[in-house]
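If you want the building blocks of each chain, they are given just below.
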Amino acid sequence: MINAWKIMKPKYHRYTYRETLAASEKINWRVEDIIGGEKTLDFTKAFMPETLARTEMIRFLSPSERLVLNQIRGNGYLAMFGVLEEVILPFVLDHARAQLVNDEYCVRSFLEFAGEEAKHLHLFKRFREEFQQGFGTDCEIIGPVEQIARNLLSHQSLAVALFVLQGEWMTQSHYTDSVRDNGDLDPQFKSLLKHHWMEEAQHAKLDTLMVDALSASLSDREIEGAVEEYFEITNFMDAGLKQQVELDLESLMQATGRTFSADERKTFQEVQHQAMRWTFLVSGMTHPNFLATLEHLVPAGRSRVEKAALAFL
Ligand SMILES: [Fe+2]
Ligand SMILES: [Fe+2]
């Protein structure tokens, strides 16, 4: 049965390539405008909102140790985006090539999308340099990136597009729900998140259009298969997040010089793994616009993702 469900359902969004391209062309910042020179990070302030960092829940840390952990999480947050965008860049470029037969707005929108992700990768690399200089000790990140990218890109296109879409909406909600009106955060880190968010708003729409295009010729059964593979990706990422928590604990010990008992380590791992899951998986999986796409794609698509998100909580 080809797409009977989608044909019956009313259109659930009004995104167009033309409008997305116009919005994207209005935003025009350079990496040099956002970081470097006088634009320095303030290490006396938090980088991440507490809703994502969850350092307060680790009661045995002192306020200054919580601040250090918050900054480790800030560095890790952008590094994780860097990992994801190493996947998104070749994926979007491949999709753009396949769209060369389509109209100019479509092709140009995807090329703009890829160009912006390449710029974001550059921005995150510059941030890492600034962070390392100011923070003082090294903070390791999971990898190698190429291996993670290879794993994600080995999945079918619709599964990858769903994972990317989840990430784009997640970025939107992080900024609007907990960064934009937060006066406690370092203004420099906040500015970086703001400029990233501005361009990601277009990506979320383009990725929705990509999901439409990739699913148009698939049967319900094939789409269900893609949703299954999307879960394989979220589970793979979850294992990576758990590993990142271990690395963050090492970074915290190195930066503060303190050690932890077995019980403290356990609490740290539990609290931070849940914080990571919320940040990088659940906040995207439960985003209303992501769920609307799943609902439109295939019967039970939405409820299966909601159930999978609950399992991560
Ligand atoms: Fe990005
Ligand atoms: Fe993006």
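Given the structure is predicted, the values throughout are model-derived calculations rather than measurements.

Let's talk about the nonpolar core
Grouped together as the largest cluster of nonpolar side chains are 99 residues, with contacts concentrated most on L78, F110, L162, Y230 and M285. The residues touching M285, leaving out its near neighbours within four places in the chain, are Q166, Y230, F231, T234, F290, L291, V305, A308, A309 and F312.

Notes on the coordination of the iron ion (ligand 1)
Distances from the iron ion (ligand 1) to its protein donors, E85 (OE), E117 (OE), H120 (ND1), H196 (NE2) and E200 (OE), fall within 1.9 to 2.3 Å. Donor residues binding the iron ion (ligand 1) come from one chain and are separated in sequence as E-x31-E-x2-H-x75-H-x3-E. Between the iron ion (ligand 1) and the iron ion (ligand 2), the interatomic distance is 3.5 Å, and E117 donates to each metal, bridging them. Pair noted here: E85 is in helix α5 (residues 63–98) and H196 is in helix α9 (residues 187–215), with a separation of 111 residues, a long-range link. By relative accessible area, which is 1% here, E85 ends up buried.

Thoughts on the coordination of the iron ion (ligand 2)
Those donors, E117 (OE), E168 (OE), E200 (OE), E200 (OE) and H203 (ND1), are the protein atoms that reach the iron ion (ligand 2), and they lie 2.0 to 2.5 Å from it. In the primary sequence, the donor residues of the iron ion (ligand 2) line up as E-x50-E-x31-E-x2-H.

Description of the environment of E32
Positionally, E32 belongs in helix α3 (residues 31–34). Spatially, the C-alpha atom of E32 lies 8.5 Å from that of L123, the residues being 91 residues apart in sequence.

Some points on the environment of F280
For F280, the position within the fold is in helix α11 (residues 262–285). Residues F280 and E56, spaced 224 residues apart in sequence, show a C-alpha to C-alpha distance of 19 Å. With near-sequence residues (within four places) excluded, F280 lies in contact with Y77, M80, Q166, M170 and L241.

What to know about unusual backbone geometry
Of note, the amide linkage connecting G143 to P144 takes the cis form, showing an omega dihedral of -5°. Relative to the elements of secondary structure, P144 occurs in the loop between α6 (104–135) and α7 (145–153). For R54, which is not glycine, the phi torsion reads 50° and is therefore positive. Residue placement: R54 occurs in the loop between α4 (50–53) and α5.

A word on the packing of α5 against α9
One can describe the packing of α5 onto α9 by two numbers: an axis separation of 12 Å at closest approach and a directional angle of 35°. In this structure, the crossing between α5 and α9 has a hand that is left-handed. Contacts between α5 and α9 involve G74, Y77, L78, F81, E85, F91, V92 and H95 on the former and, on the latter, F189, L192, L193, H196, E200, M210, A213 and L214. For the contact of α5 with α9, the residue count by class is 11 nonpolar, three polar and two charged.

Regarding the side chain of D238
Note that D238 resides in helix α10 (residues 220–256). Residue contacts for D238: discarding those within four places in its chain leaves H273, R277, L281 and F312.

Quick look at the environment of H174
Residue position: H174 is located in helix α8 (residues 157–179). You can call H174 buried: its relative accessible area is 3%. Taking the C-alpha atoms as reference points, H174 and L241, 67 residues apart in sequence, are found 18 Å from one another. Setting aside anything within four residues of it in sequence, one finds H174 in contact with L52, Y77, V179, T279 and S283.

Side note on the packing of α8 against α10
In contact at an axis separation of 8 Å, α8 and α10 are set at 55° when each is read in the N-to-C sense. With respect to their mutual orientation, α8 and α10 come out oblique. The handedness of the crossing between α8 and α10 is right-handed. Seen from α8, the contacting residues are L158, A159, V160, L162, F163 and Q166; seen from α10, they are I223, A226, V227, E229, Y230, I233, T234 and M237.

Here's the deal with the pattern of salt bridges
As enumerated under the stated definition, the model contains 15 salt bridges in all. With a shortest N-O distance of 2.7 Å, E25 and R108 are connected by a salt bridge. One end of the pair, E25, is in helix α2 (residues 17–26); the other, R108, is in helix α6, with 83 residues separating them in the sequence. A relative accessible area of 41% places E25 in the partly exposed class.

Some details on α8
Across its 23 residues, α8 extends 32 Å between first and last C-alpha, which sits within 8% of the 33 Å expected from 1.5 Å per residue. Of all 23 residues in α8, 20 are buried; the element is thus mostly enclosed.

With respect to the side chain of E65
Summarising the element assignment, E65 is placed in helix α5. Taking the relative accessible area as the measure of exposure, E65 reaches 13% and is therefore buried. Ignoring anything within four residues of it in the chain, the contact list for E65 reads F60, L252, T256 and R258.

Thresholds applied
- Residues numbered from 1 in each chain as written.
- Chains lettered and ligands numbered in written order.
- Predicted model: local features only at pLDDT ≥ 70, side-chain atom pairs only at ≥ 80, totals over all residues.
- Heavy atoms only, no water.
- Core = buried A, V, L, I, M, F, W, Y, C linked by side-chain atoms within 4.5 Å.
- Buried < 20%, exposed > 50% of the residue type's maximum accessible area, 1.4 Å probe, protein only.
- Contact = heavy atoms within 4.5 Å.
- Donors = N, O, S within 2.8 Å, 3.2 Å for Na, K, Ca; no water.
- Helix = DSSP H or I, 4+ residues; strand = E, 2+ residues; numbered from the N terminus.
- Axes fitted to C-alpha atoms, helices over the stretch in contact; angles between N-to-C directions.
- Left-handed = near helix turned anticlockwise from the far one by under 90°.
- Nonpolar A, V, L, I, M, F, W, Y, C, P; charged D, E, K, R; others polar.
- Parallel < 35°, antiparallel > 145°, perpendicular 65-115°, else oblique.
- Salt bridge = Lys/Arg side-chain N within 4 Å of Asp/Glu carboxyl O.
- Expected span 1.5 Å × (residues − 1).

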